[in-house]
Amino acid sequence: MVGLRVRVHGRCVVEVGDGIPVAVNVCATCSRTPWIYPGVSQVNELWSNYGSLGEIWFDGGYGGNLAPTITKMLLKQPNAVGFGGLGVTPNPVGWVGTESGMPGGDELWSTGTGDHGDPTSPTWCPKCCDTTLQLGDTWFFEPLLPVRPLSELIKVYHQTVGRNGVLELDFAIDRTGKVAPTHETRYREFGAWIDSCYATPVASAAPGAGGDVTLPLPSGATVDRVVIREDQSHGQLIRSFVVEVLKGTAWVPFVTGTGVGNKFIGVASAGVTGATSIRLRVTGSLAEPQLLQFAAFAACPNGDV
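What comes next is a walk through the structure.

### Notes on the sheet that holds strand S5 (residues 81-83)
Stage number 1. Spatially, five strands are ordered S4-S5-S6-S7-S8 in an open sheet, and the strand pairing comes out parallel. Of all strands in the sheet, those with a lone pairing partner are strand S4 (55-57) and strand S8 (165-169), marking the two edges. For this sheet, the mean inter-axis angle between neighbouring strands, taken without regard to orientation, is 35°.
Stage number 2. With five bridges joining them, strand S7 (residues 127-131) and S8 adopt parallel strand pairing. Residue pairing in the sheet places Lys127 in a bridge with Gly165 of S8.
Stage number 3. In this fold helix H4 (residues 150-160) packs onto S7 and S8, with an angle of close to 150° to the strand it touches most, S8.

### Points about the pattern of salt bridges
Stage number 1. One pass over the full model with this rule turns up six salt bridges.
Stage number 2. The partner of Arg186 in a salt bridge is Glu189, with the nearest N and O atoms 2.7 Å apart. Of the two residues, Arg186 and Glu189 are both situated in helix H5 (residues 181-198); the distance of three residues between them amounts to about one turn of the helix.
Stage number 3. Owing to a relative accessible area of 17%, Arg186 belongs among the buried residues under this scheme.
Stage number 4. Linked through salt bridges whose partners overlap, the residues forming this network are Glu244, Arg279 and Arg281.

### Regarding H4
Stage number 1. Of all the positions in H4, only Leu153, Ile154, Val156, Tyr157, His158 and Thr160 are classed as buried.
Stage number 2. Each element contacted by the buried residues of H4 is listed here: S7, S8, H5, strand S12 (222-230) and strand S15 (264-273).

### What to know about the packing of H4 against H5
Angle between the axes and distance between the axes are the two parameters that describe a pair of packed helices.
Stage number 1. Following both chains from N to C, one finds H4 and H5 inclined at 55°, their axes separated by 10 Å at the closest point. In terms of their interaxial angle, H4 and H5 are classed as oblique. In this structure, the crossing between H4 and H5 has a hand that is right-handed. The residues of H5 that touch H4, namely those facing Leu150, Leu153, Ile154, Tyr157 and His158, are Arg186, Glu189, Phe190, Trp193, Ile194 and Tyr198.
Stage number 2. In terms of residue class, the contact of H4 with H5 is made up of eight nonpolar, one polar and two charged.

### Comments concerning the sheet that holds strand S16 (residues 277-285)
Stage number 1. Spatial ordering of the open sheet is given by S11-S16-S13-S14, a layout of four strands whose pairing is antiparallel. Only two strands of the sheet have a single partner each, and these edge strands are strand S11 (212-216) and strand S14 (250-257). For this sheet, the mean angle separating the axes of adjacent strands, direction not counted, is 20°.
Stage number 2. Pairing between S11 and S16: five bridges, direction antiparallel. Residue pairing for S16: Leu215 is matched across the bridge by Ile278.

### Digging into the environment of Asp118
Stage number 1. Structurally, Asp118 can be placed in the loop between strand S6 (92-95) and S7.
Stage number 2. Of the residues examined, Asp118 reaches a relative accessible area of 31% and is grouped as partly exposed.
Stage number 3. Placed 11 residues apart in sequence, Asp118 and Glu107 show a C-alpha to C-alpha distance of 9.5 Å.
Stage number 4. Once residues lying within four places of it in the same chain are set aside, the contact partners of Asp118 are Trp109, Thr111 and Gly112.
Stage number 5. Here Thr120 takes part through its side chain, which lies 2.7 Å from a polar atom of the side chain of Asp118.

What counts and how
Residues numbered from 1 in each chain as written. Predicted model: local features only at pLDDT ≥ 70, side-chain atom pairs only at ≥ 80, totals over all residues. Heavy atoms only, no water. Pairing = 2+ DSSP bridges. Helix = DSSP H or I, 4+ residues; strand = E, 2+ residues; numbered from the N terminus. Axes fitted to C-alpha atoms, helices over the stretch in contact; angles between N-to-C directions. Contact = heavy atoms within 4.5 Å. Salt bridge = Lys/Arg side-chain N within 4 Å of Asp/Glu carboxyl O. Buried < 20%, exposed > 50% of the residue type's maximum accessible area, 1.4 Å probe, protein only. Parallel < 35°, antiparallel > 145°, perpendicular 65-115°, else oblique. Left-handed = near helix turned anticlockwise from the far one by under 90°. Nonpolar A, V, L, I, M, F, W, Y, C, P; charged D, E, K, R; others polar. Polar contact = N/O pair within 3.5 Å; in protein donor to acceptor, adjacent residues only side chain to side chain.

Dropping the structure here:
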């Protein structure tokens, strides 16, 4: 890609990548200049003639004066989410504030516009965690640049997917238009690790409505993590919960948390063997919890965090 960034005047900026003009923080005067219309025309063609898109990116946002035009064009893609599209699409997705894949902090909330969201906000805006396979936050293919180790990708997975985030891991296509063999190997290893760790639970249920779920565990089973999922078509409701295992006649704390959202992965400090049951108790919720899944898992065969 050949890129050009030109400051027109004051705060107004024109960016050109591969000959396509894009408005960045453009004032009303500059928005009427001829250079912007080829870009709008090309985007309108893409959104109109090439089927359904899953996601549309507004990387760095959009000029406020373009909001009415973008909103109208987005009617052609009613099911696409808009990364950075709050204000122009009914399906906005927010950024977590870093491309490292490690958002840090506590939970990622599906509501609110900040990097981690805001549990008190009425604005629906799930969080996107975009990151690279190559080291050094490098998005375009570099033949001599190593890819991230599997151990680091596992941490990324738990920090994003396991905390109610949407992980977007890039593909840096090489100069031949293919995925480089070293990249392919790491993608396959990462996918195989996810399957080996989370494809087959020790015990699982799809509870539906309600905040108390108890699962029997197979005799002699060892568990060291749980997955909890909310049905977010009702909103992100859960505010606190505790998971406990039954050892003999006593319920022993296993994992605690606050938000759940699309997916919460909780890894215990140590695996537990010999428990007969595991239970989830929602201790705080805005309304009756709506649960898609409560599942217990053994330690990952190939290691993890």
